[in-house]
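Here is how the chains run, residue by residue.
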Amino acid sequence: MAAYFSLILVLATLATGLIWLYDIIFLAPKRREKLALAQASGDLTQDAKESIMRESVVVETAHSVFPVIAFVLVLRSFIYEPFQIPSGSMMPTLLVGDFILVEKFSYGLRDPVWRHKLVETGEPARGDVVVFKYPEDPRVDYIKRVVGLPGDKIIYRNKQLWIQPKCTADEKTCPGPQLVPRTEVNSGEFFQDGVPLLRYQEQLGKVTHDILINPARPEMSRYYYHEGTLPIGEWIVPQGEYFVMGDNRDNSRDSRFWGFVPEANLVGKAVAIWISFEFDRSPSDWLPTWIPTGVRFNRIGAIQ
């Protein structure tokens, strides 16, 4: 249903808007004409006047609904759209139960149905947390962090990240791949299969953020996306595409495994957590597991 929500919203807005317009052009003048003829025939009571001028149920509903859904359509399509984090691939930046706002105008304004770009407003920067249509199934929305920009060379080996930025035309020599700096913060706050995860602070472009590494899990390089003749674990980002990774590096299915994100698949930039719920119920509890057990007020705010 979520994949078709934009289409349903557009159709509902169009239908109620056309009903409202039809009433203004055709039906309302007929009601006024009928009222004028009735008044010419004699005095009318207030109830009789209201009865003549009363709109049909369909028209009245369209008048009430159209402004609301038109506002929601504009807000959701061009300004902000809410998303819920369904998995732990972006831990510790985003947790399951976080509800986030995605800024839709960060990377261009697109129509809500065919997603053609209408206005150019900007491009992703290294370190941005982005929502995009999963290239292997565009009906599904993914959220990851931008690591590689068009023309960059990305190397991920031994759980270390190297980036060689694209050389510009005025550069006489191109710098080699640079190790992305990181410093260990702590361990033991997050676990995977009973193993405490190592938490590092990483500097990616102008963005400082935290990542998680599972020291007990081997690198899954045999499953990496193999690009042309490059060695396994190395990629050169094509023009118009981006290389993205999850902050939970050993628990994220991202560009390392399925390739690049085309610019056309970008939905927007994740900018804030507006509410965060805890879901700690077990299946044996008498309340359903989807009912929150608490609110994490300390998580509300901007996303780094």
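Everything numeric here is computed off the predicted structure, so don't read it as measured data.

1. Digging into the overall build of the protein chain
Okay, step 1: Regarding its fold elements, the protein chain presents four helices and 18 strands.
Okay, step 2: Compactness check: the protein chain gives a C-alpha radius of gyration of 27 Å against a globular reference of 19 Å for 304 residues, more than 25% above the reference.
Okay, step 3: Considered along the principal axes of its C-alpha atoms, the protein chain spans approximately 90 × 60 × 30 Å.
Okay, step 4: Looking at the 304 residues of the protein chain, the share that counts as buried comes to 39%.
Okay, step 5: Put simply, 56% of the contacts in the protein chain that link residues at least 6 apart link residues at least 24 apart.
Okay, step 6: By element, 60% of the accessible surface of the protein chain is carried by carbon and sulfur atoms, the whole surface being about 16900 Å².
Okay, step 7: Looking at charge distribution, the protein chain has the averaged site of its 33 positive side-chain charges lying 2 Å from that of its 36 negative ones.

2. Quick notes on the pattern of salt bridges
Okay, step 1: Counted according to the given criterion, the structure contains 21 salt bridges.
Okay, step 2: Measuring nitrogen to oxygen at the nearest pair gives 3.6 Å for the salt bridge that ties Arg 296 to Asp 98. Of this pair, Arg 296 sits in the loop between β17 (294-295) and β18 (301-302) while Asp 98 sits in strand β2 (residues 98-103), placing them 198 residues apart in sequence. Each member of the pair, Arg 296 together with Asp 98, is buried.
Okay, step 3: One connected set of salt bridges, linked through shared partners, spans Arg 110, Lys 117, Glu 120 and Glu 263.

3. Remarks on the sheet that holds strand β12 (residues 207-213)
Okay, step 1: Ordered by their spatial adjacency, three strands build an open sheet running β10-β11-β12, and the pairing between neighbours is antiparallel. The open sheet is flanked by β10 (182-192) and β12, the only strands paired with a single partner. Across the sheet, the axes of successive neighbouring strands diverge by a mean angle of 30 degrees, strand direction being ignored.
Okay, step 2: Relative to strand β11 (residues 195-204), β10 is paired through seven bridges, and the arrangement is antiparallel. Bridge pairing in β11 places Phe 191 opposite Pro 196.

4. Here we look at the pairing of strand β5 (residues 129-133)
Okay, step 1: Counting buried positions over the five residues of β5 gives five, a clear majority of the element.
Okay, step 2: Burial of β5 is two-sided: the residues Val 129, Val 131 and Lys 133 facing one way and the residues Val 130 and Phe 132 facing the other way are all buried.
Okay, step 3: Across five bridges, the pairing between β5 and strand β6 (residues 141-148) is antiparallel. The partner of Lys 133 across the bridge, within β6, is Asp 141.
Okay, step 4: Of the strand pairs in this sheet, β5 and strand β16 (residues 266-278) are connected by three bridges, and their pairing is antiparallel.

5. Observations concerning the side chain of Arg 31
Okay, step 1: Among the secondary structure elements, Arg 31 is positioned in helix α1 (residues 5-41).
Okay, step 2: Arg 31 gets classed as buried once you look at its relative accessible area, which sits at 13%.
Okay, step 3: Within the local environment of Arg 31, its side chain forms a polar contact with the side chain of Asp 23, the two groups lying 2.8 Å apart.
Okay, step 4: Beyond its immediate stretch of four places on either side in the chain, Arg 31 contacts Asp 23, Ile 52, Met 53, Arg 54 and Glu 55.

6. A short note on the side chain of Asn 265
Okay, step 1: Along the chain, Asn 265 falls in the loop between β15 (261-262) and β16.
Okay, step 2: Once residues lying within four places of it in the same chain are set aside, the contact partners of Asn 265 are Arg 115, Phe 132, Lys 133, Tyr 134 and Pro 135.

7. Examining the packing of aromatic side chains
Okay, step 1: Scanning the entire structure with this criterion turns up 16 aromatic pairs.
Okay, step 2: With a centroid separation of 5.6 Å and 55 degrees between ring planes, the pair formed by Tyr 224 and Trp 235 is classed as tilted. Here Tyr 224, found in the loop between β12 and β13 (234-236), pairs with Trp 235, found in strand β13; they are 11 residues apart in sequence, far enough to count as distant.
Okay, step 3: Judged by relative accessible area, which is 0%, Trp 235 ranks as buried.
Okay, step 4: By way of ring pairs, the aromatic residues Tyr 224, Tyr 225, Trp 235, Phe 243, Phe 257 and Phe 260 are connected into one cluster.
Okay, step 5: When the ring centre of Tyr 200 is taken as origin, the NZ or CZ atom of Arg 182, which lies over that ring, is 4.2 Å away.

Analysis parameters
- Sequence order sets the numbering: in each chain, residues are counted from 1 along the sequence as written.
- With pLDDT at 70 or above as the cut-off, local features in this predicted model cover only qualifying residues; side-chain atom pairs require 80 or more to be listed or tallied, and sums for whole chains, interfaces and linings still use all residues.
- The basis for every side-chain value is the complete set of heavy atoms in the structure, and neither hydrogens nor water enter the calculation.
- Counting from the N terminus, the helices are DSSP H or I runs at least four residues long and the strands are E runs at least two residues long.
- Two things to know: the radius of gyration comes from C-alpha atoms, and the globule rule equals 2.2 Å times the number of residues to the power 0.38.
- Only protein chains enter the accessibility calculation, which uses a 1.4 Å probe; a residue whose area is less than 20% of its type maximum is buried, one above 50% is exposed, and one in between is partly exposed.
- The contact criterion used throughout is that any non-hydrogen atoms of two residues lie within 4.5 Å.
- Under the convention used here, a 1.4 Å probe and the Shrake-Rupley method define accessible areas, while residue burial counts only the protein chains that appear.
- By the counting scheme adopted, Arg and Lys are positive, Glu and Asp are negative, and His together with the chain ends is not counted.
- Where a charge sits is defined by one atom per residue type, namely NZ (Lys), CZ (Arg), CG (Asp) or CD (Glu).
- A pairing counts as a salt bridge when a side-chain nitrogen of Lys or Arg comes within 4 Å of a carboxyl oxygen of Asp or Glu.
- Strands qualify as paired when DSSP identifies two bridges or more between them.
- Angles shown run from 0 to 180 degrees and are taken between the N-to-C directions of axes, each axis being a line fitted to C-alpha atoms and, for helices, limited to the stretch in contact.
- In protein, a polar contact requires one atom able to donate a hydrogen and another able to accept it; more generally it is a pair of N or O atoms within 3.5 Å, and residues adjacent in sequence count only if both atoms are side-chain atoms.
- Working definition: a ring pair exists when centres of Phe, Tyr or Trp rings (six-membered ring for Trp) sit within 6.5 Å. Plane angles under 30 degrees give stacked, over 60 give edge-to-face, the rest tilted.
- In our convention, an over-ring charge means Lys NZ or Arg CZ found within 6 Å of a ring centre and within 35 degrees of that ring's normal.

Everything listed here is a matter of geometry and, on its own, says nothing about what the molecule does.
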